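# Fold and contact review
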Protein chains: 2
Amino acid sequence: MKFGFIGFGEVSYTLSKILLSYGFDVMTSIEGRSDKTKELVNSIDITVLDSFEDVSSESDILISANSPQSALAVALKYGSLTDGLFLDFNNISPNTAKQIENYISDEHFIDSAIMGRVSSDKLNLYFSGRKAEEFVERMRNYIKGHDAPEDVEVNIKVVSDEIGDVSKLKILRSSYTKGVSALLVETFETAEKLGLDDELWEILALTENRDFETSSKSRISSSKRKSKRKYEELVEVMEFLDGVNKNRKSKIMAIATKDKFEKLKNRKGRK
Amino acid sequence: MKFGFIGFGEVSYTLSKILLSYGFDVMTSIEGRSDKTKELVNSIDITVLDSFEDVSSESDILISANSPQSALAVALKYGSLTDGLFLDFNNISPNTAKQIENYISDEHFIDSAIMGRVSSDKLNLYFSGRKAEEFVERMRNYIKGHDAPEDVEVNIKVVSDEIGDVSKLKILRSSYTKGVSALLVETFETAEKLGLDDELWEILALTENRDFETSSKSRISSSKRKSKRKYEELVEVMEFLDGVNKNRKSKIMAIATKDKFEKLKNRKGRK
């Protein structure tokens, strides 16, 4: 089974390294690439072909790992040159995934992502599409017949046979983690202004270090059950924040949080 | 050192139990209280006086643990009846703390809170006010001369000599944790609609279980450094969410997150 890479950044480098350690054939090209990329390619034992057209036509599995912006162009240009499978690892939107599917068809296209940290000793790979299960089976069968490298843990998961499901998960993850980020920024801006940031870190760590899923599920359930009381507390939060800073733009997330609980409260009242 | 409690719910019960186990004198009254409260009071070895006036005048340390709504009335009615210290554990707003201070003065009043879980085997107590340090020293000296109960861990922290600082920390904590809750509700409502909630829990747990402070600080720093790119990704998030549900009320937090990053981006641009 021959793997070819279009684009060679952190994702391609990490995947290549792991694939090589399992004994797979791995190819790419340095045609028109930067010195930095050439250096990265030369740092591992990968086959280098003259052009990406050659990489595409010789691959059983063609992997696109560039940027969300170039994903569609790469798929249109190289996706049809391979007889094998085309895997997109570009953090594309579900909409872009559908456009690629329309062009290449789910006979060849697999929606793919690394979830969590990109690391050569531990990797979580997610796939969706009609050929995802079959591809993962082929990988597993190959690996069974070969010595597994030490110190490498690769978890592989097929989400569904629908193109777009992996992209949807990736974007939901992004929406959540960015919301948390925005909230942290806003909360700690206020805490710093009050000179209480060190204490707030200490206090939040008392509860925020618990098991994520358990604590988050209990948060959701309690948010819904006690929405009225929580909404009233958020009215107090807002009064307090108005005193700290009159500018509404300094409390976008807090206003949204209050609005959110007002909605939860009203929805509960209607039941 | 005699402790008196006005109000007897979970907080008073837990604090009383711990104080009794250290050998302190602890008092309350069941005057005009519900059967449930009477039962709770009778379940531990606490001294029961005829009235809260008696509790107030006989206490060295008077603790108010009722509700944010009744905090001010309790402080006005009983705070002046004690010659000792008045500790408020009612999750009051910084504004209410200041009003109590105006009435009782920071010679007698200490802004107090339990941070994190209320449990009789582990408790984190936070105090602020001019008399906080002296009070905590007195407690520590008393405890040194007595056998400490096993299986009880009490962490005590004086935040500052300012009345209101503990209330501010409590409200910042509340603003943050409710923001996360709103975000979780919103994100998982969408994930459930898409039938991807189980997978999203799994994927978020890959990264959200890391040490809270380390990961959150790195989030804040990266949110500021990469605000332009993150804002662009959030524009994509919104396009996607618009396709899932046209109703703006279903994405209050996501809209706010986008607005927040737009602001971060513009602020960076101005520098």
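Read on for an overview of the structure. (Residues numbered from 1 in each chain as written. Chains lettered and ligands numbered in written order. Predicted model: local features only at pLDDT ≥ 70, side-chain atom pairs only at ≥ 80, totals over all residues. Heavy atoms only, no water.)

## A few points about the interface of chain A and chain B
Interfaces are often sized by the accessible area lost when the parts come together. Across the contact, 75 residues belong to chain A and 74 residues belong to chain B. Summing both partners gives a buried area of about 7300 Å² for chain A against chain B, and 73% of it is carried by carbon and sulfur. Our count for the chain A to chain B interface comes out at seven salt bridges. Across the pair Glu 186 of chain B and Lys 260 of chain A runs a salt bridge, and its minimum N-O distance is 3.1 Å. At the junction of chain A and chain B, the tally comes to ten residue pairs in polar contact (both at pLDDT 80 or more). Among the secondary structure elements, those contributing two or more residues to the side of chain A that touches chain B are β7 (122-128), β8 (153-160), α7 (165-193), α8 (197-208), α9 (212-225), α10 (227-244) and α11 (252-270) of chain A. The dominant element in the side of chain A that touches chain B, judged by the number of residues it contributes, is α7 of chain A, at 24 residues. Partitioning the side of chain A that touches chain B into residue classes produces 34 nonpolar, 16 polar and 25 charged. (Contact = heavy atoms within 4.5 Å. Buried area = accessible area lost by both parts, 1.4 Å probe. Salt bridge = Lys/Arg side-chain N within 4 Å of Asp/Glu carboxyl O. Polar contact = N/O pair within 3.5 Å; in protein donor to acceptor, adjacent residues only side chain to side chain. Helix = DSSP H or I, 4+ residues; strand = E, 2+ residues; numbered from the N terminus. Nonpolar A, V, L, I, M, F, W, Y, C, P; charged D, E, K, R; others polar.)

## Quick notes on the pattern of salt bridges
In the structure shown here, the tally under the stated rule is 29 salt bridges over all chains. Here Arg 140 of chain A makes a salt bridge to Glu 137 of chain A, at a shortest N to O gap of 3.9 Å. With Arg 140 of chain A and Glu 137 of chain A both in helix α6 (residues 132-144), this residue pair falls three residues apart, about one helical turn. Note on Arg 140 of chain A: relative accessible area 35%, which makes it partly exposed. Note that Glu 107 of chain B is salt-bridged to Lys 131 of chain B, the shortest N-O span being 3.5 Å. Separated by 24 residues along the polypeptide, Glu 107 of chain B in the loop between α5 (94-104) and β6 (109-115) and Lys 131 of chain B in the loop between β7 (122-128) and α6 (132-144) bring together distant segments of the chain. Given the relative accessible area of 34%, Glu 107 of chain B is considered partly exposed. Put simply, Asp 106, Glu 107, Arg 130, Lys 131 and Glu 134 of chain A are held in one network by salt bridges that share partners. (Buried < 20%, exposed > 50% of the residue type's maximum accessible area, 1.4 Å probe, protein only.)

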